[in-house]
Amino acid sequence: MDSRTEIRVQFTDQELAGLTALAAGLRGVAESDLSEEDALVAAVEMALTRLIDDFEVPDPATRQQVQVARDDLRAHWIRGAAGI
């Protein structure tokens, strides 16, 4: 069963333009009709991956939390091939 939580997010014009551009770029790469919500999830996945691969999160428990969250996101991917 899919459970979702609704979150209201407010963006500046520049942030919205960036999110819209990310969605457009992902549509081209994934050759799929992806929404701005899909793009936001892909950006979260990419940020978690960067924390794991490119940065040394100093606290072991936090590092583990980041790893588990990224792996769980990928394991339960419901937004198609929107990963970056």
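Please refer to the structure higher up on the page.
Residues numbered from 1 in each chain as written. Predicted model: local features only at pLDDT ≥ 70, side-chain atom pairs only at ≥ 80, totals over all residues. Heavy atoms only, no water.

Some remarks on the overall build of the protein chain
Looking only at helices and strands, one finds 3 helices and 0 strands in the protein chain. Going from N to C terminus, the protein chain has its helices and strands arranged as α-α-α. Relative to its full complement of 84 residues, the protein chain shows a buried share of 19%. Nonlocal contacts in the protein chain, meaning residues at least 24 apart in sequence, comprise 50% of its contacts between residues at least 6 apart. For the protein chain, the accessible surface area stands at approximately 6,300 Å², while carbon and sulfur atoms represent 55% of it. (Helix = DSSP H or I, 4+ residues; strand = E, 2+ residues; numbered from the N terminus. Buried < 20%, exposed > 50% of the residue type's maximum accessible area, 1.4 Å probe, protein only. Contact = heavy atoms within 4.5 Å. Areas by Shrake-Rupley, 256 points an atom, 1.4 Å probe, with all protein chains shown as cover.)

Digging into the pattern of salt bridges
Charged atoms that come close allow side chains of opposite charge to pair. Throughout the structure, instances matching the rule amount to 5 salt bridges. In this structure, the salt-bridge partner of aspartate 33 is arginine 27, at a minimum N-O distance of 3.8 Å. By relative accessible area, which is 27% here, arginine 27 ends up partly exposed. In this structure, aspartate 54 and arginine 50 form a salt bridge, with 2.6 Å as the shortest nitrogen-oxygen distance. (Salt bridge = Lys/Arg side-chain N within 4 Å of Asp/Glu carboxyl O.)

Quick notes on the nonpolar core
Leu19, Ala23, Leu26, Leu34, Ala39 and Ala42 form the largest nonpolar core, which has 6 residues in total. Of all the secondary structure elements, the ones that give two or more residues to this core are helix H1 (13-30) and helix H2 (36-53). When residues in this core are grouped by element, the largest group, 3 residues, is from H1. For alanine 39, the residues in contact, after removing those within four places along its chain, are Leu19, Leu22, Ala23 and Leu26. (Core = buried A, V, L, I, M, F, W, Y, C linked by side-chain atoms within 4.5 Å.)

Some thoughts on the environment of alanine 21
Mapping alanine 21 onto the fold places it in helix H1. A relative accessible area of 48% places alanine 21 in the partly exposed class.

Quick notes on the packing of H2 against helix H3 (residues 60-75)
The contact between H2 and H3 brings their axes to 9 Å, and the two run at 140 degrees. Classified by the angle between their axes, H2 and H3 sit oblique to one another. Between H2 and H3 lies a crossing whose hand is left-handed. Contacts between H2 and H3 involve Val41, Glu45, Leu48, Thr49, Leu51 and Ile52 from the first element and Val66, Gln67, Ala69, Arg70, Leu73 and Arg74 from the second. (Axes fitted to C-alpha atoms, helices over the stretch in contact; angles between N-to-C directions. Parallel < 35°, antiparallel > 145°, perpendicular 65-115°, else oblique. Left-handed = near helix turned anticlockwise from the far one by under 90°.)

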